[in-house]
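# Remarks on the overall topology
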Amino acid sequence: MSKRHAATIAARAGIAQDSAHAAVTPPLYLTSTYELKAFKQPGPYDYSRSNNPTRDLLAETLAELEGGVKAIVTSTGMSACLLALQLLTPDDTLVIPHDCYGGSYRLFVNLAQRKRAFNLLVVNFQHADWAEQIRAVKPKMIWLETPSNPLLQITDVRAVCDLAKALQALVVVDNTFLSPILQQPLALGADIVVHSTTKYINGHSDIVGGVLIAKSQQLGDELKWWANCLGITGAPFDSYMTLRGLRTLEPRLRLQQDNTARVVDFLAKQPLVAKVYYPGLPQHPGHAIAKAQQSGFGAMCSFDLAADEALLPVFFSALRLFTLAQSLGGIESLICHPGSMTHASMDAQAQKTAGIGPTLIRLSVGIENADDLLADLQQAFNAVASASQQADNSGKADGTVRQEHEQQQQFRLNPALSAFW
């Protein structure tokens, strides 16, 4: 049989392979330990932190989808990032993008500054001199996130990989926003791909997990050793749920992209939207590169609300279908305020450098009916327009409007928990 398509790989993972009872769907192995055949004769499995049949099936499927040799399933997306960093020493330099996910940025900066785990260079890959900056430090690892979170900026993966090869550096690509259905960084020259499987790969917002896929056996073996050593491998039940969600990845993404195209077109015509960020727009700075290296533009988009920051609570509280929450990639539509939520761990200057403004809003578009989603957004914009008009008519100062609406506190995190984000 010729090479299978991605949708078939995902849908058929483990199907009709049960040797014990001929179950069509693969069983869930919840055991923590395994019996040895005899003294000093272990089988392929001995302890589930090291190996587990359910987790291994997920890993093998994701490796095949990404075109990699070996995959290591981890407990979270962040533990997958941490695992990749075990390849670095204090003398090595890591290059990261200036606009990466806030949690990743926090990890990189604190490991570099507080733990002296490696040297760090933050680069804007949208600037013309990105290659010169990287050449000057001769890094061991270059970290990419494309499209970026939350501004959907695009980095030319192949161009970075060509430079990395000349410098004998590793390239790691966070492919969470697109999944292997829409982008395959290993085929573009990357060495490692990282996913938060919490997002599109699982697709149902009911587990957290991560995966790291290596292009070579040597890298894969080293990373697996570190995963077992650190104890950050994924739980069997989470792996089972992720496999279940993975089966519908391709059809989910197809519908989500269709809905996103409708939402983006709506936002582009909305008077209360100052700017829309989406690689599928011809005017997007990275449109041409995205079109060349991706097989779709994804189901994430962001926009700047053309209203005072004080009116953000009005917008969020008016929504009925878009749920104000962390995360992305599920079948349900989510909305977030990156500055106070996903990127709250970045200080004000870092947010400003990354282009994250006070009225930036990020959407993760789900599989609901597109007409209903548009209607939900429209009535939220109407609420903002009405509140703005009322404030103008009554002569209220912006500070008074802010004080009244912030009492709702529906879009802000609990300050007591801010240290965790």
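Residues numbered from 1 in each chain as written. Predicted model: local features only at pLDDT ≥ 70, side-chain atom pairs only at ≥ 80, totals over all residues. Heavy atoms only, no water.

Once that is clear, we can look at the packing of helix α10 (residues 249-268) against helix α14 (residues 370-394). As a packed pair, α10 and α14 sit with axes 9 Å apart at the nearest point and diverge in direction by 30°. It follows that α10 is roughly parallel to α14 by the angle criterion. Here α10 runs over α14; the crossing is right-handed. Across the interface between the two elements, Asn259, Arg262, Val263, Phe266 and Leu267 from α10 touch Ala370, Asp371, Leu373, Leu374, Leu377, Gln378 and Phe381 from α14. (Axes fitted to C-alpha atoms, helices over the stretch in contact; angles between N-to-C directions. Helix = DSSP H or I, 4+ residues; strand = E, 2+ residues; numbered from the N terminus. Parallel < 35°, antiparallel > 145°, perpendicular 65-115°, else oblique. Left-handed = near helix turned anticlockwise from the far one by under 90°. Contact = heavy atoms within 4.5 Å.)

Moving on to the confidence of the model for the protein. For the protein, mean pLDDT is 93; residues scoring 70 or higher make up 93% of the total. Low pLDDT, under 50, characterises residues 407-421; the stretch is placed with 23 contacts to residues that sit more than four places away or in other chains. (pLDDT = per-residue confidence, 0-100.)

The full count for this structure, using the stated rule, is 2 cavities of 30 Å³ or more. What the largest cavity holds in volume is close to 50 Å³. Contributing to the lining of the largest cavity are 13 residues, with Val73, Thr74, Gly209, Asp238 and Thr242 lying nearest its centre. Mapped onto the lining of the largest cavity, the elements with two or more residues apiece are β1 (70-74) and α9 (236-246). Grouping the amino acids of the lining of the largest cavity by side-chain chemistry returns 5 nonpolar, 7 polar and 1 charged. Taken as a whole, the second largest cavity encloses approximately 40 Å³ of empty space. (1 Å grid on protein atoms, 1.4 Å probe; cavity = no way out; pocket = protein on both sides within 12 Å on 5 of 7 lines; lining within 4 Å. Points joined across faces, edges and corners; volume = space filled by probe spheres on them. Nonpolar A, V, L, I, M, F, W, Y, C, P; charged D, E, K, R; others polar.)

Ranked by internal contacts, the top residues of the largest apolar core, which has 48 residues, are Phe125, Trp130, Ile134, Ile142, Leu144, Val171 and Leu246. The greatest single-element share of this core, amounting to 6 residues, is contributed by helix α2 (residues 53-66). Residues within four places of Phe125 in sequence aside, it is in contact with Val95, Ile96, Pro97, Trp130, Ile134, Ile142, Trp143, Leu144, Thr155 and Val160. Core analysis: the next-biggest nonpolar cluster, separate from the first, contains 37 residues, Ala80, Ile96, Ile232 and Leu360 among them. (Core = buried A, V, L, I, M, F, W, Y, C linked by side-chain atoms within 4.5 Å. Buried < 20%, exposed > 50% of the residue type's maximum accessible area, 1.4 Å probe, protein only.)

Further remarks concern the sheet that holds strand β8 (residues 273-277). Pairing between the strands of a sheet is mediated by backbone hydrogen bonds and can be parallel or antiparallel. Across the sheet, 5 strands lie side by side as β8-β9-β12-β11-β10; this open sheet has mixed pairing. Looking at which strands have only one partner, the edges of the open sheet turn out to be β8 and β10 (323-324). Inspection of the sheet shows strand β11 (residues 334-336) paired to strand β12 (residues 360-364) by 3 bridges, in the antiparallel sense. Its bridge partner being in β12, Ile335 is matched across the sheet by Leu363. Helix-sheet contacts for α10 involve β8, β9 (300-305) and β12, and the interaxial angle to β9 is about 15°. (Pairing = 2+ DSSP bridges.)

Further remarks concern the sheet that holds strand β6 (residues 192-196). An order of β1-β7-β6-β5-β4-β2-β3 is seen for the 7 strands of this open sheet, with the pairing classed as mixed. Only two strands of the sheet have a single neighbouring strand rather than two, namely β1 and β3 (119-123). Looking at each pair of strands side by side, their axes are set apart by 20° on average, direction ignored. When β1 meets strand β7 (residues 210-214), the two strands line up antiparallel, connected through 5 bridges. Note on β7: the bridge partner recorded for Ala71 is Ile213.

Remark: helix α3 (residues 77-84) packs on helix α4 (residues 102-113), axes separated minimally by 10 Å, with the N-to-C direction vectors making an angle of 35°. For the pair α3 and α4, the crossing hand works out as right-handed. Across the interface between the two elements, Met78, Cys81 and Leu82 from α3 touch Gly103, Ser104, Leu107 and Leu111 from α4. By residue class, the composition of the contact of α3 with α4 is 5 nonpolar, 2 polar and no charged.

Take the layout of surface pockets next. In this structure, the largest pocket occupies an estimated 590 Å³ of space. Secondary-structure elements contributing two or more residues to the lining of the largest pocket are α3, α4 and β6. Counting residues per element, the lining of the largest pocket draws most heavily on α4, at 4 residues. Looking at the lining of the largest pocket residue by residue, the classes come out as 12 nonpolar, 14 polar and 5 charged.

Okay, helix α8 (residues 217-230) next. The end-to-end C-alpha separation of α8 is 20 Å, in line with the 20 Å expected for 14 residues at 1.5 Å each. Here α8 has its buried residues at Leu219, Gly220, Leu223 and Ala227. Down the axis of α8, the smallest arc covering the buried residues is 95°, so these residues share one side. The outward face of α8, more than 90 degrees from its buried face, is lined by the exposed residues Gln218 and Trp225. Looking at the buried residues of α8, the elements they touch are β1, α3, β5 (170-174), β6 and β7. Immediately beyond the C-terminal end of α8, within one or two residues, lies Gly231, with a positive phi of roughly 75°. (Expected span 1.5 Å × (residues − 1). Arc of directions from axis to C-beta.)

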